[in-house]
Every structure is written in structure tokens, then in C-alpha cells.
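If you want the building blocks of each chain, they are given just below.
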Amino acid sequence: MSNIPGYTHGTPVVSRSPVSLTDFEQMKASVLLGEEDVKYLRMSHDIVKGRVEAILDVWYGFVGSQPHLLASFSGKTDGKPLGDYLAPVRKRFAQWILDTSRAQYDQAWLDYQHEIGLRHHRVKKNKTDGAPSTDLVPFRNLFALIFPVTFTLRPFLAEQGHSAEDVEKMYAAWVKSCLLQVTLWAHPYVKDGDF
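No experiment lies behind these values; they were computed from the predicted model shown.

Participant: How would you summarise the packing of helix H1 (residues 21-30) against helix H9 (residues 164-185) if you had to cite specific residues and measurements?
Facilitator: Two numbers describe how H1 lies on H9: the axes approach to 10 Å, and their chain directions differ by 135 degrees. Classed by the angle they form, the pair H1 and H9 counts as oblique. For the element pair H1 and H9, the recorded crossing hand is right-handed. Taken together, the residues of H9 that come into contact with H1 (itself represented by Phe24, Met27 and Lys28) are Leu180, Thr183 and Leu184.

Participant: If you had to explain the packing of helix H3 (residues 52-64) against helix H5 (residues 83-102) to someone new, which residues and values would you point to?
Facilitator: For any two helices packed against each other, one specifies the inter-axial angle together with the distance between the axes. As a packed pair, H3 and H5 sit with axes 10 Å apart at the nearest point and diverge in direction by 120 degrees. What the angle tells us is that H3 and H5 run oblique. The two elements H3 and H5 cross, and the hand of that crossing is right-handed. Facing Val52, Glu53, Ile55, Leu56, Asp57, Trp59 and Tyr60 of H3, the residues of H5 in contact are Leu86, Val89, Arg90, Phe93, Ala94, Trp96, Ile97 and Leu98.

Participant: Explain the UniProt feature "domain: Globin-sensor" (unreviewed entry) in the chain residue by residue, including any values.
Facilitator: Following the UniProt record, the feature "domain: Globin-sensor" (unreviewed entry) maps to residues 23-193 here. The straight-line gap between the two end C-alpha atoms of residues 23-193 is 14 Å; of that span, 66% is helix and 0% is strand.

Participant: So, the packing of aromatic side chains: which residues are in play, and what are the values?
Facilitator: This model, assessed by the stated rule, comprises 14 aromatic pairs. Aromatic pair Phe73 and Tyr85: ring centres 5.9 Å apart, planes at 45 degrees, arrangement tilted. With a gap of 12 residues between them, Phe73 in the loop between helix H4 (67-70) and H5 and Tyr85 in helix H5 connect regions that are remote in the sequence. The burial state of Phe73 is the same as that of Tyr85; both residues are buried.

Participant: Before we move on, can you summarise the nonpolar core with the specific residues and values?
Facilitator: Of all hydrophobic cores here, the largest spans 44 residues; its most connected members are Trp96 and Ile97. For this core, the secondary-structure elements that each account for two or more residues are H1, helix H2 (35-48), H3, H5, helix H6 (107-120), helix H8 (146-157) and H9. Considering each element in turn, this core owes the most residues, 10 residues, to H9. The residues touching Ile97, leaving out its near neighbours within four places in the chain, are Val48, Val52, Ile55, Leu56, Trp59 and Trp174.

Participant: How would you explain the side chain of Asp99 if you had to name every residue and give the values?
Facilitator: Relative to the helices and strands, Asp99 resides in helix H5. Here Tyr7 takes part through its side chain, which lies 2.5 Å from a polar atom of the side chain of Asp99.

Participant: Pulling in residues and values, what's your account of H6?
Facilitator: The end-to-end C-alpha distance of H6, which contains 14 residues, comes to 20 Å, matching closely the 20 Å that a straight helix rising 1.5 Å per residue would cover. The element H6 is largely enclosed, with a buried count of 12 among its 14 residues. Taken residue by residue, H6 has Gln107, Trp109, Leu110, Asp111, Tyr112, Gln113, His114, Glu115, Ile116, Gly117, Leu118 and Arg119 as its buried positions. Along its buried surface, H6 packs onto H1, H5 and H9.

Participant: So what's going on with the pattern of salt bridges? Residues and values would help.
Facilitator: With the rule as written, the count across this model stands at 14 salt bridges. In this structure, Asp57 and Arg90 form a salt bridge, with 2.6 Å as the shortest nitrogen-oxygen distance. Taken together, the positions of Asp57 in helix H3 and Arg90 in helix H5 put the pair 33 residues apart, joining distant regions of the chain. Given a relative accessible area of 18%, Arg90 falls into the buried group. One salt bridge connects Lys76 with Asp135, and the closest N-O pair in it is separated by 2.8 Å. Here the residue Lys76 occupies a position in the loop between H4 and H5, and Asp135 occupies one in the loop between H6 and helix H7 (139-144), the gap between them amounting to 59 residues. The partly exposed category is assigned to Asp135, whose relative accessible area is 40%. Connected via shared salt-bridge partners are Glu36, Glu165 and Lys169.

Calculation notes
- Residues numbered from 1 in each chain as written.
- Predicted model: local features only at pLDDT ≥ 70, side-chain atom pairs only at ≥ 80, totals over all residues.
- Heavy atoms only, no water.
- Axes fitted to C-alpha atoms, helices over the stretch in contact; angles between N-to-C directions.
- Helix = DSSP H or I, 4+ residues; strand = E, 2+ residues; numbered from the N terminus.
- Parallel < 35°, antiparallel > 145°, perpendicular 65-115°, else oblique.
- Left-handed = near helix turned anticlockwise from the far one by under 90°.
- Contact = heavy atoms within 4.5 Å.
- UniProt positions renumbered as here; feature names shortened; annotations may be inferred.
- Phe/Tyr/Trp six-rings, centres within 6.5 Å; stacked < 30°, edge-to-face > 60°.
- Buried < 20%, exposed > 50% of the residue type's maximum accessible area, 1.4 Å probe, protein only.
- Core = buried A, V, L, I, M, F, W, Y, C linked by side-chain atoms within 4.5 Å.
- Polar contact = N/O pair within 3.5 Å; in protein donor to acceptor, adjacent residues only side chain to side chain.
- Expected span 1.5 Å × (residues − 1).
- Salt bridge = Lys/Arg side-chain N within 4 Å of Asp/Glu carboxyl O.

Printed below as a string of C-alpha cells:
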């Protein structure tokens, strides 16, 4: 069990994903994520585990520089960034980096992806931390962040002297994984029956 506030991966408080493992296997096939990608995600783990804070500094700097993105972490009434909200979210975001690089695609992981989606949607946003923030992370922002998150990760993947080919394969695996995860997070945003 993690000591990260609100990190509930693998616990009974996380409901079962409405997406089956069979559906997820089809999604993996659609994005061309295979065993080689899993290997390269796991290779990236040894790189990112020591650089999580630096990676988050880049990502938080980007979000903080874009008022429309920062709004999802700001007060609902005054629009000011909520430090007491951003801090625990950062700890969970750090764990997300590690979880992504571990590529453990089991039922507990699939269930937690659904939980993450609910926490970005009005269904559960702000409930984990009791934050007085906006009711929704607009899906247009969530999906669009795949590019800056993966693109700015690439230089970190090259820091430890891996071949250009290995760096490219780790990067491609991260892109595929993020596409899959954000697609899973989209479930609460999509009309019933349309996912």
C-alpha cells in the first residue's frame, strides 16, 4: 500500500472498470502496442524513476504557463491556483509516471485507469482532496496534453546513454501508452453505449 494520499491503485475502494481486459487487448492492437513496447516502457523505468521530480517540473511548468490548463487546478470562485490541491496531485502524478513505465496491464491497473478518468470528470473531480476547484478537466485539454507530456519526456529518455534506436522505441511506447490511458480516462466523458 502506498503512502501517497489518494493513491488507491489495487485497493477495494476502486470500482471495476467498465472496459474489459478483452476490450483493452483490442485497444492495444489498435494502437499497435505489443510486447516490444512493454519491454521498452519497462526499460524507461530505470531512467524515469530517478528523474520524476525533474520531469514533473517540466510538466507543471508547462501547465502553469497555460491559464486554460491551470484553471483545472484553481479555485472555482477566485481562479487562483490551489497549492494544497496541486501538491497531492503532483505526488499521484509522480506515481503515474512510475506506473506507466512498469506497464503492468492487469485488472487492478485497468480499474485504476477508470478511477483516474472519474477523477478528471465531474463524477469525482475534487473529491479525493476535497479541493474547491473547477468541476471538470475539459476533455479537449486532457487529450491534447498527450503531445507535450510525451514530447518533453523524450530528452529524459536520452540522458543515460541508450542508443538512438532505444530512445525512439521508448518514446514510441510512451506515446502508445498515453494514448491508451487517456482513451480509458475518456470513458466517463463519453455517452453511455458509445465508448
